[in-house]
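Take a look at the letters that make up each chain.
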Amino acid sequence: EPEVTQTPSHQVTQMGQEVILRCVPISNHLYFYWYRQILGQKVEFLVSFYNNEISEKSEIFDDQFSVERPDGSNFTLKIRSTKLEDSAMYFCASSEGFRGGETQYFGPGTRLLVL
Amino acid sequence: GEDVEQSLFLSVREGDSSVINCTYTDSSSTYLYWYKQEPGAGLQLLTYIFSNMDMKQDQRLTVLLNKKDKHLSLRIADTQTGDSAIYFCAESMEYGNKLVFGAGTILRVKS
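Remember, predicted model here, so these are calculated numbers, not experimental data. (Residues numbered from 1 in each chain as written. Chains lettered and ligands numbered in written order. Predicted model: local features only at pLDDT ≥ 70, side-chain atom pairs only at ≥ 80, totals over all residues. Heavy atoms only, no water.)

A word on the sheet that holds strand 1 (residues 5-7) of chain A
Through backbone hydrogen bonds, the strands of a sheet pair up, either in parallel or in antiparallel fashion. All names here are of chain A. Read across the sheet, four strands follow the order 1-3-8-7 without closing on themselves; strand pairing throughout is antiparallel. In the strand order of this sheet, the two ends are held by strand 1 and strand 7 (65-68), each with one partner. The average angle at which neighbouring strand axes cross in this sheet is 20°, direction not considered. Examined bridge by bridge, strand 3 (residues 19-24) and strand 8 (residues 75-79) share five bridges and lie antiparallel to one another. (Pairing = 2+ DSSP bridges. Helix = DSSP H or I, 4+ residues; strand = E, 2+ residues; numbered from the N terminus. Axes fitted to C-alpha atoms, helices over the stretch in contact; angles between N-to-C directions.)

See the structure below:
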């Protein structure tokens, strides 16, 4: 069964450093998402992406964040200058369509720790 | 604004039924979802219900929706140890597909 994959599974970085989290969505999916979950808190929407453009973003997704589809298979989330509060589990997801009810398939997540 | 609330923990014995509850605030929610997360794994969609439905059954899973009270529940019949996981309730609008999640309910199944 096709699945969303994410690398790395864990990343530790120093405050102020740039990190890039990588995702490979399911191959025929057109819509891509990033969510995050700070330990003990809710899973929060960050951004959705379609046709090489951001479709929607949350208040969390400020200028420190960017997303890119650098090639036909990868979807990345970059944090330019990490802060302690960026420590969280980051989930990538993809879906075939964009209407409500379209199943979003989630990856296993990348646990980011900012020291 | 959008908000989804769940109880944090539920413990049941193997073979019993589990009922996980969720409340949401946004009356314009169109789709309501249940996701399951096992240790080290991603979020797996279990089922979803469209807001004009009251109930949906899928094998051992029954979803009940009370739109007036904005209350959603997931019933797992004959709960097994393999059902132990975190269960997330989520909502979305008709278009846009942004999911708004609850904090998750930890289900522990005792054998």
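Re the interface of chain A and chain B
Opposite the 20 residues of chain A that make contact, chain B presents 25 residues. Counting the surface lost from both chain A and chain B, the interface buries some 1,800 Å², and carbon and sulfur atoms represent 52% of this. In this structure, the connection of chain A to chain B is made through three salt bridges. Close ionic contact of Lys98 of chain B with Glu56 of chain A constitutes a salt bridge, the shortest N to O distance being 3.9 Å. Run the count over chain A and chain B and you get five residue pairs in polar contact (both at pLDDT 80 or more). When residues in the side of chain A that touches chain B are grouped by element, the largest group, three residues, is from strand 4 (residues 31-37) of chain A. In the side of chain A that touches chain B, the residues fall into eight nonpolar, eight polar and four charged. (Contact = heavy atoms within 4.5 Å. Buried area = accessible area lost by both parts, 1.4 Å probe. Salt bridge = Lys/Arg side-chain N within 4 Å of Asp/Glu carboxyl O. Polar contact = N/O pair within 3.5 Å; in protein donor to acceptor, adjacent residues only side chain to side chain. Nonpolar A, V, L, I, M, F, W, Y, C, P; charged D, E, K, R; others polar.)

Details of the nonpolar core
Formed by 22 residues in total, the largest nonpolar core has its most connected members in Trp34, Leu46, Phe61, Val67, Phe75, Leu77 and Tyr90 of chain A. Counting residues per element, the ones that place at least two in this core are strand 3, strand 4, strand 5 (43-50), strand 7, strand 8, strand 9 (88-95) and strand 11 (110-114) of chain A. In this view, Leu77 of chain A contacts Val19, Ile20, Leu21, Trp34, Leu46, Phe61, Phe65, Ser66, Val67 and Tyr90 of chain A; residues no more than four positions away in its chain are not counted. Within the second largest apolar cluster, 21 residues are counted, among which are Val4, Cys22, Leu74 and Cys89 of chain B. (Core = buried A, V, L, I, M, F, W, Y, C linked by side-chain atoms within 4.5 Å. Buried < 20%, exposed > 50% of the residue type's maximum accessible area, 1.4 Å probe, protein only.)

Regarding the sheet that holds strand 3 (residues 18-24) of chain B
Residue and element names in this part refer to chain B. Overall, antiparallel pairing links the five strands, which are arranged 1-3-8-7-6 in an open sheet. Of all the strands in the sheet, the pair left with one neighbour each is strand 1 (4-6) and strand 6 (55-58). When strand polarity is set aside, the average angle formed by the axes of neighbouring strands in this sheet is 15°.

Observations regarding the side chain of Thr62 of chain B
All names here are of chain B. Residue position: Thr62 is located in strand 7 (residues 61-66). Among the residues examined, Thr62 registers a relative accessible area of 11% and is labelled buried. Among all residues touching Thr62, those that are not within four sequence positions of it are Met55, Lys56, Gln57, Ser73, Leu74 and Arg75.

By themselves, these figures tell us nothing about what the structure is for.
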